[in-house]
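Residue-level structure breakdown
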Amino acid sequence: MATTLVSPHYAPCIDPTKAPEAYGRRAVVKLSQEITAIDLTTRQCALITLTEKLHNPEHITEAINSGVISKLLKLLRDKNETVRIKATECVYIIAGHAVGRKGELKHNVVKNVSQLFDDASEVVRVLAHKTFSRIAQVPSGAQQIVDSDLIPKLVKKLQSEASITIKQVIFDTLHSCLMRETASALSCGAVEVLNGYLTSDTPTIRAKAAQAIMDISFSTAGKTEACKGKCLDILVPLLSDSDSDVKAASAGAIMAISTTTEGKHAAIGAGAISGLVLAIDHVCSEVRVNALKAITMLAEAPVGRAQLLVHVPAIETCTKDTNEAVRKHAEIAVRVITWVP
C-alpha cells in the first residue's frame, strides 16, 4: 500500500554510479564544476556522466567553453585510478573532434598526456596513446609532438610496452609524426628498433614497421640510415609475406630507399627484383602499385635495367589493369626499362 513516506533508497531506474544531471545547457557546466570536487565519489560520478555526454558532438563545444580541458588535465595526475581512466577517456573523446583538438593543442595537451605513458594502469596507457594518435592526425598536432621532443620517448615505448594494442597505436602516431620530421627518430636509433619489428609474429606489426621505415626513408638521411642498417635484407623477404598489407608496405619501403644510387644497388644486391616482379600480379592494387614504383626506381640503374628487360612482357600486362594507378605506373615502368641512351 502506498504511503507518504519518502524511501531512503534510490529508485530502481537511477544509476548510483552517475551524477544527477542539470537541465539543458546547464548539464555540462554543472558536470564541469563537479569533476573538481573534493569528494572522490562526486568526482568519479561526474566524470562517468561527462564521458557519456561527450559522445554527443553537440556537447564538445559546451565543454570546452566551460573550461573542462584544463580541469581534465589536472585530473590526469589524480591518485585514483578510476578518475585517471575517465579523465583520459574524456580527453580522448574530445580529441576526436576538430574543435576539440584545437582546444587541447592550446593547452599543450601532449605534454600532460605523455606523462601517462608510464602509468601503472594499462587502460590509462592505451587511452593516452590513442589520444596521441588522434592529435597527430592533424599537422599542427603532429608538429607539437615533434616540437615537444616526444619522438624518442615513443620509440622507447615501442621497446618497453608489452601490449600489442599499444604498440600498434604508437606506430600510427609515429606514421603521422614522421611525415613532419625524421631527424629526432634517426638520432634515437629508430631504424634499428623498426628492423626488429619487421620479423614480428603479428602481421599488423610487420606492416606498420615497414610503413614506418618507408616514412623515415623519404628523407635523404633516412635512406642512408636504412642502407647502413641493412633494412633491405629484411624487407625483400617480406615481399613474399602472406599478408597483403605487409607486402604493400615492404614494397613501398623498398621504393623509398631506392631513390638514391646507394639504395638502388643495395636493393638489387638483396634480390628485390624477383620479388617485386612476382608482386605485380597480386590481387591487392596497393601491392601492385608499390611494386611497380619500386621496379621503376631499380630500372634507373643500368644493372637493374638489364635484369628487368626480360620481365617487360609481364609488366606490360599491367598497362591493361582495371586500376588506373596500376596502369599509370606500369606505363612509366615500361618506359624507364626500355629507355635507350
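Coordinates for the structure precede this section.
The rules behind these values
- Residues numbered from 1 in each chain as written.
- Predicted model: local features only at pLDDT ≥ 70, side-chain atom pairs only at ≥ 80, totals over all residues.
- Heavy atoms only, no water.
- 1 Å grid on protein atoms, 1.4 Å probe; cavity = no way out; pocket = protein on both sides within 12 Å on 5 of 7 lines; lining within 4 Å.
- Points joined across faces, edges and corners; volume = space filled by probe spheres on them.
- Helix = DSSP H or I, 4+ residues; strand = E, 2+ residues; numbered from the N terminus.
- Nonpolar A, V, L, I, M, F, W, Y, C, P; charged D, E, K, R; others polar.
- Phe/Tyr/Trp six-rings, centres within 6.5 Å; stacked < 30°, edge-to-face > 60°.
- Axes fitted to C-alpha atoms, helices over the stretch in contact; angles between N-to-C directions.
- Parallel < 35°, antiparallel > 145°, perpendicular 65-115°, else oblique.
- Left-handed = near helix turned anticlockwise from the far one by under 90°.
- Contact = heavy atoms within 4.5 Å.
- Salt bridge = Lys/Arg side-chain N within 4 Å of Asp/Glu carboxyl O.
- Buried < 20%, exposed > 50% of the residue type's maximum accessible area, 1.4 Å probe, protein only.

Re empty space enclosed by the protein
Taken as a whole and assessed by the stated rule, the structure comprises one cavity of 30 Å³ or more. In this structure, the largest cavity encloses a volume near 30 Å³. Of all the secondary-structure elements, those providing two or more residues to the lining of the largest cavity are α11 (164–178) and α13 (190–197). Tallied by class, the residues present in the lining of the largest cavity amount to seven nonpolar, no polar and no charged.

As for the packing of aromatic side chains
Aromatic ring pairs: the centre-centre distance and the angle between the two ring planes describe each pair. Counting across every chain of the model gives two aromatic pairs. Measuring from centroid to centroid gives 5.0 Å for F117 and F132, while their planes differ by 70°, and the two rings are edge-to-face. Here the residue F117 occupies a position in the loop between α7 (109–114) and α8 (122–135), and F132 occupies one in helix α8, the gap between them amounting to 15 residues. Considering the side-chain rings of F171 and Y197, the 5.7 Å spacing of their centres and the 90° angle between planes classify their relative orientation as edge-to-face.

A word on the packing of α11 against helix α14 (residues 203–216)
Taken N-terminus to C-terminus, the directions of α11 and α14 make an angle of 20°; their axes are 10 Å apart at the nearest point. In this view, α11 runs roughly parallel relative to α14, as classed from their interaxial angle. For the pair α11 and α14, the sense of crossing is left-handed. Residue-level inspection shows I164, K167, Q168, F171, D172, H175 and L178 of α11 in contact with α14, the latter providing T204, I205, K208, A209, Q211, A212, D215 and I216. Grouping the amino acids of the contact of α11 with α14 by side-chain chemistry returns seven nonpolar, four polar and four charged.

Concerning the pattern of salt bridges
In this structure the tally under the stated criterion is ten salt bridges. As a salt-bridge pair, E89 and K86 come within 3.2 Å of each other at their nearest N and O atoms. A residue pair is termed a helical-turn pair when its members lie 3 or 4 positions apart in one helix, as E89 and K86 do in helix α5 (residues 81–94) at three residues. By relative accessible area, E89 is classed as buried at 19%.

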